Amino acid sequence: MTHSVEKTEWDEYFRVNAVDDMTMTHTRFESLGWGYPYSPADGKLSSTPDGKFIVEMNRPYRQINLRISEQAMQHLAHGKDDYDLIGLYGQGTAVTIKVQYRYQYLLENYF
């Protein structure tokens with residue numbers, strides 16, 4: 001995605017552990033401006049050979065709630081697949097990303 005103020009690339013990486021259990025393992029970004037990272041509690045900060053920055057963390061999430069915006073250009077990548085969220089859902093749509101079994105999704109949304 002794109003940082004909302006600086007307009008630079010910003011990537012967040014998650015590990016799927018189980019249903020309702022994800023961990024943000026690290027984030028990679030181009031600039032330290034606009035207050036990030038703002039605290040050592042955010043995680044371990046390091047730089048990459050190409051001049052970007054990584055913050056390593058182990059932050060748990062049950063789900064991720066976000067609003068799709070053309071400015072942020074959010075994408076969801078899984079393996080070799082890349083999903084353009086603005087193309088799929090459109091500007092301003094509220095989206096929840098969570099881990100669940102397919103049958104749970106079908107029961108919640110179709111029955």
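In what follows, the structure referred to is the one given above.
Figured I'd write up the structure that's included with this text.

About the criteria used
- Residues numbered from 1 in each chain as written.
- Predicted model: local features only at pLDDT ≥ 70, side-chain atom pairs only at ≥ 80, totals over all residues.
- Heavy atoms only, no water.
- Core = buried A, V, L, I, M, F, W, Y, C linked by side-chain atoms within 4.5 Å.
- Buried < 20%, exposed > 50% of the residue type's maximum accessible area, 1.4 Å probe, protein only.
- Contact = heavy atoms within 4.5 Å.
- Pairing = 2+ DSSP bridges.
- Helix = DSSP H or I, 4+ residues; strand = E, 2+ residues; numbered from the N terminus.
- Axes fitted to C-alpha atoms, helices over the stretch in contact; angles between N-to-C directions.
- Phe/Tyr/Trp six-rings, centres within 6.5 Å; stacked < 30°, edge-to-face > 60°.

Regarding the nonpolar core
The tendency in soluble globular proteins is for nonpolar side chains to be buried side by side. Grouped together as the largest cluster of nonpolar side chains are 7 residues: M22, I64, I68, L85, V95, I97 and V99. Residue contacts for I97: discarding those within four places in its chain leaves M22, Q63, I64 and L66. Judged by nonpolar contacts, the second largest core, of 6 residues, contains W10, M24, F29 and F53.

Digging into the sheet that holds strand β1 (residues 10-18)
On the basis of which strands lie adjacent, the open sheet formed by 4 strands has the order β1-β2-β4-β3 and antiparallel pairing. Both edges of this open sheet fall to β1 and β3 (44-47), since each of them pairs with a single strand only. For this sheet the average axis-to-axis angle between neighbouring strands, irrespective of direction, equals 20°. The pairing of β1 with strand β2 (residues 21-29) spans 8 bridges and is antiparallel. Paired with F14 across the strands is M24, a residue of β2.

Comments concerning the packing of aromatic side chains
By the definition in use, this model includes 5 aromatic pairs. Between the aromatic rings of F29 and F53, the centroid separation amounts to 6.0 Å while the plane-to-plane angle is 25°, which identifies the pairing as stacked. Here F53 lies in strand β4 (residues 53-61) and F29 lies in strand β2, a separation of 24 residues in the sequence. Summarising the aromatic geometry, the rings of Y105 and Y110 are spaced 6.1 Å apart at their centres and angled 70° between planes, so their arrangement reads as edge-to-face. Taking the relative accessible area as the measure of exposure, Y110 reaches 56% and is therefore exposed. An aromatic cluster is built from W10, F29 and F53, whose rings are joined through pairwise contacts.

Some remarks on the pairing of β2
Here β1 folds back onto β2, and the loop between the two strands holds 2 residues, one of which, D20, carries a positive phi near 55°. Relative to β4, β2 runs antiparallel, the two being bridged by 7 bridges. Along β4, the bridge assignment pairs M22 with Y61.

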